[in-house]
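Commentary on secondary and tertiary structure
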Amino acid sequence: MLLATILRCATVAGLVILETGANAQSIDDARAAFEEGRFIEAADFAEALGTSVGYALAAQSLAVYGHYVAAGDDRKGFFERAMKLGEEAVRADSTNREAYYQSAHAVGRYALTVGTFTALRRGLAGRVRGLLENALAIDPDFAEAHMAFGGWHAGIARAGRVARFLYKGNRESAVIHYERALELAPESMIVLLEYALNLPELDREGGRERAGELLSKAAGLPARDAFEAFIHQDVLEALAESEGDK
C-alpha cells in the first residue's frame, strides 16, 4: 500500500459516481473504509473515483497497508502501486497539496524497501524533496508536510557525507521543520512520534529527555481511526524502549 481492473467514473458538478452494478461508491465511503482499517477496499473505492482527492487517498491507504499489514515479500508491490496513484493524484490536480504529500509518502515508503544506496542512486530522495517542496509551496502551514520534510532532512543527514552533499539535507533544517510541524499541530500523534524518534540524534544533549516527553504526550492521545491505532502502538513501543534505556 489490488491490481484488479476498476471502472472509471464520471464527475458531475463535483459529485463522483462509480457504477458497479447497482452499487455506487463515494469519497465518503472510501474514507469510512480507511478509518475502519479496510485499507485495500478504501484504495479500490478511492481510485475508482478518478479524482485527485481519490487517488491521494488510495495512495495513502496502500502505503499504510503496505507498511503495517502486508507480508514482507508483498510490501514493495503495494508501495509501487501507491506511487503510481500518487502520480495520478498530482496529474489530476496540480494544486492539491495532499496529492504531493501522499505521493511523497508512497515514494518514501518504497525507498525503505530498496535500501539507502539504491534509493539515492535512483534519485528517490530528490523526488521526495521536490514533492514536499511543492506541497509546502501550496500551503506553507501544512503540518504533516513539515513533519515529513523534517524526517527527510534527518534521513539525509544520517545517510552520510555524499548524501548530504548531493541533497543538502542537514540536522538544523530537520529541527526547523519538526518544530514548525509541532507548532502547527501540537496534538498530532504522528507529529509527536516522528519528532520523538529523531530527536535523540538531532539534539544529542537534551533530545532523549524531550523525546520521552513527546512520546508520553502522544500516548495520552486517543486514536481516532485505524491508522492512528497503528501509530499509537508505535508510540507505546517507542515509549517503552526509551524508558528501558534510562
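Structure's up top.
The rules we used
- Residues numbered from 1 in each chain as written.
- Predicted model: local features only at pLDDT ≥ 70, side-chain atom pairs only at ≥ 80, totals over all residues.
- Heavy atoms only, no water.
- Helix = DSSP H or I, 4+ residues; strand = E, 2+ residues; numbered from the N terminus.
- Buried < 20%, exposed > 50% of the residue type's maximum accessible area, 1.4 Å probe, protein only.
- Areas by Shrake-Rupley, 256 points an atom, 1.4 Å probe, with all protein chains shown as cover.
- Phe/Tyr/Trp six-rings, centres within 6.5 Å; stacked < 30°, edge-to-face > 60°.
- Lys NZ or Arg CZ within 6 Å of the ring centre and 35° of its normal.
- Axes fitted to C-alpha atoms, helices over the stretch in contact; angles between N-to-C directions.
- Parallel < 35°, antiparallel > 145°, perpendicular 65-115°, else oblique.
- Left-handed = near helix turned anticlockwise from the far one by under 90°.
- Contact = heavy atoms within 4.5 Å.
- Nonpolar A, V, L, I, M, F, W, Y, C, P; charged D, E, K, R; others polar.
- Polar contact = N/O pair within 3.5 Å; in protein donor to acceptor, adjacent residues only side chain to side chain.
- Salt bridge = Lys/Arg side-chain N within 4 Å of Asp/Glu carboxyl O.
- Expected span 1.5 Å × (residues − 1).

Here's the deal with the overall build of the protein
Along the protein, the regular secondary structure elements total 13 helices and 2 strands. Relative to its full complement of 246 residues, the protein shows a buried share of 47%. If you sum the accessible surface of the protein, you get close to 12400 Å²; carbon and sulfur atoms cover 52% of it.

What to know about the packing of aromatic side chains
Scanning all chains against the criterion turns up 9 aromatic pairs. Taken together, a centroid distance of 4.7 Å and an interplanar angle of 15° make the contact between tyrosine 178 and tyrosine 195 stacked. Of this pair, tyrosine 178 sits in helix α10 (residues 171–184) while tyrosine 195 sits in helix α11 (residues 189–202), placing them 17 residues apart in sequence. Put simply, the rings of Phe34, Phe39, Tyr68, Phe227 and Phe230 touch in pairs and so form one group of aromatic residues. For lysine 168, the ring lying beneath its charged end belongs to phenylalanine 165, and the centroid distance is 4.6 Å.

What about the packing of helix α8 (residues 143–159) against α11?
Running from amino to carboxyl end, α8 crosses α11 at an angle of 25°, the nearest separation of the two axes being 10 Å. In terms of orientation, α8 lies roughly parallel with respect to α11. The way α8 lies across α11 gives a crossing that is left-handed. Contact residues: Met147, Ala154 and Arg158 in α8; Ile190, Val191, Glu194, Asn198, Glu201 and Leu202 in α11. Residues belonging to the contact of α8 with α11 are distributed by class as follows: 5 nonpolar, 1 polar and 3 charged.

Comments concerning the side chain of asparagine 96
Along the polypeptide, asparagine 96 turns up in the loop between α4 (75–92) and α5 (97–114). A distance of 2.9 Å separates polar atoms of two side chains, one belonging to asparagine 96 and the other to serine 52. In this view, asparagine 96 contacts Ser52, Val53 and Ile138; residues no more than four positions away in its chain are not counted.

Examining the pattern of salt bridges
Summed over all chains, the structure comprises 14 salt bridges. Salt-bridge contacts for glutamate 47 lead to arginine 81; the nearest nitrogen and oxygen are separated by 2.2 Å. In this pair, glutamate 47 is assigned in helix α2 (residues 39–48) and arginine 81 in helix α4, connecting sequence segments 34 residues apart. When its relative accessible area of 12% is taken as the criterion, glutamate 47 is described as buried. Across the pair aspartate 141 and arginine 180 runs a salt bridge whose closest N-O atoms are separated by 2.6 Å.

Here's the deal with the environment of arginine 129
For arginine 129, the location among the structural elements is in helix α7 (residues 124–138). Separated by 19 residues in the primary sequence, arginine 129 and alanine 148 have C-alpha atoms spaced 9.4 Å apart. What arginine 129 contacts, discounting residues up to four positions off in sequence, is Phe149, Trp152, His153, Tyr167 and Lys168.

Let's talk about the side chain of serine 242
When you line up the elements, serine 242 lands in helix α13 (residues 226–244). Residue class for serine 242 comes out buried when judged on its relative accessible area of 17%. Engagement of the side chain of serine 242 in a polar contact is seen with the backbone oxygen of leucine 239, the distance being 2.8 Å.

Examining the environment of glycine 207
Take glycine 207: it is sitting in helix α12 (residues 207–219). Owing to a relative accessible area of 0%, glycine 207 belongs among the buried residues under this scheme. In sequence terms glycine 207 and tyrosine 195 are 12 residues apart; their C-alpha atoms lie 9.9 Å from each other.

Considerations on α5
Here α5 contains 18 residues, and its C-alpha end-to-end distance of 26 Å stays within 8% of the 26 Å for a straight helix at 1.5 Å per residue. Along α5, 13 of the 18 residues are buried, which leaves the element largely enclosed by surrounding structure. Sitting at the head of α5, asparagine 96 places a side-chain oxygen 3.1 Å from the backbone nitrogen of glutamate 98. Looking at the residues trailing α5, positive phi occurs at glycine 115, about 90°.

Brief notes about the packing of α11 against α12
Their axes nearest at 8 Å, the elements α11 and α12 cross at an angle of 160°. With respect to α12, the axis of α11 lies roughly antiparallel. As α11 runs across α12, the sense of the crossing is left-handed. Side by side, α11 and α12 meet where Met189, Leu192, Leu193, Tyr195, Ala196, Leu199 and Pro200 of the first sit next to Gly207, Arg208, Arg210, Ala211, Leu214, Leu215, Lys217 and Ala218 of the second. Residue composition of the contact of α11 with α12, by class: 11 nonpolar, 1 polar and 3 charged.

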